[in-house]
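Here are the chains, one letter per residue:
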Amino acid sequence: MRRINDERADDVEVADGVYLADLTAGERASMKHWRVEPGATLPVHRHDNEQIGYMIRGTLTAITEDEEVTLRPGDSYVFASGELHGAENRGDEPAVGIGVLSPPRSDPDWKQS
């Protein structure tokens with residue numbers, strides 16, 4: 001068994017004000033801890049991975065081709081493989097959550113250098 005605590009995970013700024021940290025990964029899925037600072041935007045993108053997640057704190061507006069949905073603590077979500085999606089933090093505190101991707105994914109294609 002491998003155990004990683006979110007306080008010990010190394011977060012990386014992948015877009016202005018958007019941070020990802022690898023928690024753990026198996027053969028079929030990987031788990032990320034994410035934080036989106038107030039005013040920051042997760043770029044709209046798509047990937048082959050199915051993505052499910054859970055909001056821990058703050059609020060986040062999820063953006064798809066067809067709608068905008070406000071996610072609050074305790075909400076879970078799913079983006080189907082290939083679904084266009086992004087997010088904006090329109091609140092005044094960081095939005096924090098966990099995302100699980102299947103199959104596993106390392107760095108996102110849209111990561112800033």
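Taking an unreviewed UniProt entry as the reference, the protein chain is identified by name as Cupin domain-containing protein belonging to Haloplanus rubicundus.

Visitor: An account of the pairing of strand S2 (residues 18-25) is needed here, citing residue identities and associated values.
Guide: Bridge analysis of strand S1 (residues 11-15) against S2 gives 4 bridges, and the strand direction is antiparallel. The partner of glutamate 13 across the bridge, within S2, is tyrosine 19. Once S1 ends, the chain turns through 2 residues before running back antiparallel as S2, passing glycine 17 with a positive phi of about 75 degrees. In the sheet, S2 pairs with strand S3 (residues 30-36) via 7 bridges, with the strands oriented antiparallel. Bridge assignment links aspartate 22 to a residue of S3, and that residue is lysine 32.

Analysis parameters
- Residues numbered from 1 in each chain as written.
- Predicted model: local features only at pLDDT ≥ 70, side-chain atom pairs only at ≥ 80, totals over all residues.
- Heavy atoms only, no water.
- Pairing = 2+ DSSP bridges.
- Helix = DSSP H or I, 4+ residues; strand = E, 2+ residues; numbered from the N terminus.

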